[in-house]
Structures are given as structure tokens and as C-alpha cells.
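# Residue-level structural notes
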Amino acid sequence: WRLQRIEHRQLPRLDQVWAVSAADAEFFRDAGCAKVEVLPNIVPPSAFVPSAVPGTPGHAAFFGWMAYPPNADAVRYLIGLVSRSPAIRSLSLVGRDLPGDLVEALRGHPKIRYLGYAQDLKSALADAAVILAPLASGGGTKLKVIEALALGKPLVTTEIGAEGLNLVDGEHARIAPLGEAFDAAAEQLLHTPAQGLAMAERGRRHVAAHFSIDTLTVAARTALAAYSA
């Protein structure tokens, strides 16, 4: 509530605000900002692969800063999913600062490997046949979702994970609510790798077209031109 007070006091005084999604832009407008432009969240050119990349059958992965509560909650969900789904033969968790209770929960787990921080995300996720992002909370557009698609990997996420990215379920990624629908989407991709790879390629092209440095450059120039006018 303190942050909201500061935002509502300061936002009307700004000449222009750049938001990363339409939902965020609406918040800024409601807070009294007269001029709001939507600019995409992006990943660097080095994050993109030239085409979709197959992985090891049955191997899934999740990545992110593990101390961030939505990511820690996602790991808790995935621990349960692995126990429920025989289609997931192994799961890699990539990212620093896994909370202590989760370190203990994963100690000696036969199917889950915690790899910690990875300098090279492409190499760390190379074996993944599917990337799972069971996000139940979090604001803005999710960089991990953009990165997963840039890496050419089949992705299963939630509506919150896909928020603001204009992804179509089954076209660019599988988008499903947590629970039976999410679990079924993960299993379906693991059972049909060719279908998942074709979807991953469409997802890769989508983020290359809309969430690259070139797209951001054009949007920033347009926003600045509108302000100067």
C-alpha cells in the first residue's frame, strides 16, 4: 500500500510512462498518468535459437529466480506434478536461491535435479523436451515465458504466465489452468514430441516478431515521437 501511495502521487507528474503490457498500462492510466505507451518486454538476440530444438523424451524443465514467491510456488506445484505424471521421467530446475524448505524437499529426489544458477541457459535447458511454467501469480509480462519460446522449446503455462504476450493456446504454447488441465497439457506434449516441436517453432517465430530488440526499438521511437509532438 505504501508503494501504491507513491505511485498514485508521482505518476500524474510524469510526462510519459512506458508499460510492458496493456493491463499495466490500464493501471497507470487509472493512477492518473495522462500519457502511457506500451513497449514490449524483450530478451537479447543471443537468447534466440534459429529453429525449434528437440529434447530428451520425458525430460521437463523450469527456470527462474527461485526465491521469487511465484517461482517457489511453481516449484512446489511441479514436485506434485512429477509424482502424479509418469510421462515426466525427469525434471530439471534451473535458477539461484532455492528456498531452504524446497532444498530439503528435493534432497535425494529420484526424478528432480536442482541445477542452481546457469550462466548458459541454452545449454542448461538443451535436454528439455518441454518447459513447464505453472505460474499462479505475478505481474507484467513474464520473461521466462518469452525466453522459453525464444529457445525453441514446447511450453506449458497458465493464463497468468501468458498474460500480455498474445499467445494462442495450441498455436504458440499450451495455456491451461493449474490442476488437471495443466497436467494433461504437459503429458500430451511429452507423448507427441513432433506436435510439440511444431508448436514450439510457431512460438519461437511469434516472440521473434514481437519481443525482440528490433520491435522494442521501433516502439520506443514511436513513443518518443508521440511525446515530442
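Now for a quick tour of the structure. The shown structure was predicted, so the numbers you read here are calculated from the model rather than taken from an experiment.

## Points about the pattern of salt bridges
Throughout the structure, instances matching the rule amount to 12 salt bridges. Of the charged contacts in the structure, one is a salt bridge between Glu 26 and Arg 29, with a shortest N-O distance of 3.8 Å. In this pair, Glu 26 and Arg 29 are both assigned in helix 2 (residues 22–30), 3 residues apart and thus about one turn of the helix distant. Using a relative accessible area of 41% as the deciding quantity, one classes Arg 29 as partly exposed.

## Side note on helix 6 (residues 143–150)
Taken across its 8 residues, helix 6 has 6 buried, putting it largely inside the fold. Within helix 6 the residues assigned to the buried category are Lys 144, Val 145, Ile 146, Ala 148, Leu 149 and Ala 150. Following helix 6 by one or two positions, Gly 152 adopts a phi angle in the positive range, close to 70°.

## What about the environment of Leu 132?
Note that Leu 132 resides in strand 6 (residues 130–133). With a relative accessible area of 1%, Leu 132 lands in the buried category. Separated by 36 residues in the primary sequence, Leu 132 and Val 168 place their C-alpha atoms 16 Å from one another. Apart from residues lying up to four places away in sequence, Leu 132 is in contact with Ala 60, Ala 61, Phe 62, Leu 78, Leu 81, Ile 88, Val 156, Phe 182 and Ala 186.

## Here we look at the packing of helix 8 (residues 180–191) against helix 9 (residues 193–210)
Where helix 8 meets helix 9, the closest approach of the two axes is 5 Å, and the angle between their N-to-C directions is 105°. If you check the angle between helix 8 and helix 9, you find them roughly perpendicular. Along its contact with helix 8, which presents Gln 188, Leu 189, Leu 190 and His 191, the element helix 9 presents Pro 193, Gln 195, Gly 196 and Met 199. Of the residues that constitute the contact of helix 8 with helix 9, the class distribution is 4 nonpolar, 4 polar and no charged.

## A short note on the sheet that holds strand 3 (residues 59–63)
Reading across from one edge, 5-4-3-6-7-8 is the order of the 6 strands in this open sheet, with parallel pairing throughout. Each of the sheet's edge strands pairs with one partner strand only, and the pair in question is strand 5 (112–116) and strand 8 (174–175). Summarising the sheet, strand 4 (residues 90–94) and strand 5 pair through 4 bridges and their orientation is parallel. In the strand pairing of strand 5, Leu 93 is matched with Tyr 114. Helix-sheet contacts for helix 8 involve strand 3, strand 6, strand 7 (155–157) and strand 8, and the interaxial angle to strand 7 is about 175°.

## A word on the pairing of strand 3
The side chains of a regular strand alternate between both faces of the sheet. Counting buried residues in strand 3 gives 5 out of 5 residues, a clear majority hidden from the surface. Note that the unit made of strand 3, helix 3 (residues 69–84) and strand 4 has a crossover that is right-handed. In the sheet, strand 3 pairs with strand 6 via 2 bridges, with the strands oriented parallel. Each bridged residue has a counterpart across the sheet, and for Ala 60 the counterpart in strand 6 is Val 130.

## Section: the nonpolar core
Formed by 56 residues in total, the largest nonpolar core has its most connected members in Leu 93, Leu 125, Leu 132, Leu 155 and Val 156. Sorting elements by how many residues they give to this core places helix 3 first, with 8 residues. Formed by 8 residues, the second largest nonpolar core is a distinct cluster that contains Ala 19, Ala 25, Ala 31 and Cys 33.

## Here's the deal with unusual backbone geometry
Despite not being glycine, Asp 97 has its phi angle at roughly 65°, a positive value. Structurally, Asp 97 can be placed in the loop between strand 4 and helix 4 (100–106). You can call Asp 97 partly exposed: its relative accessible area is 40%. Positive phi, normally seen in glycine, also occurs at Asn 166, with a value near 55°. Relative to the elements of secondary structure, Asn 166 occurs in the loop between helix 7 (159–162) and strand 8. Take Asn 166: its relative accessible area is 63%, and that puts it in the exposed class.

Analysis parameters
- Residues numbered from 1 in each chain as written.
- Predicted model: local features only at pLDDT ≥ 70, side-chain atom pairs only at ≥ 80, totals over all residues.
- Heavy atoms only, no water.
- Salt bridge = Lys/Arg side-chain N within 4 Å of Asp/Glu carboxyl O.
- Helix = DSSP H or I, 4+ residues; strand = E, 2+ residues; numbered from the N terminus.
- Buried < 20%, exposed > 50% of the residue type's maximum accessible area, 1.4 Å probe, protein only.
- Contact = heavy atoms within 4.5 Å.
- Axes fitted to C-alpha atoms, helices over the stretch in contact; angles between N-to-C directions.
- Parallel < 35°, antiparallel > 145°, perpendicular 65-115°, else oblique.
- Nonpolar A, V, L, I, M, F, W, Y, C, P; charged D, E, K, R; others polar.
- Pairing = 2+ DSSP bridges.
- Right-handed = clockwise from strand over helix to strand, strands pointing away.
- Core = buried A, V, L, I, M, F, W, Y, C linked by side-chain atoms within 4.5 Å.

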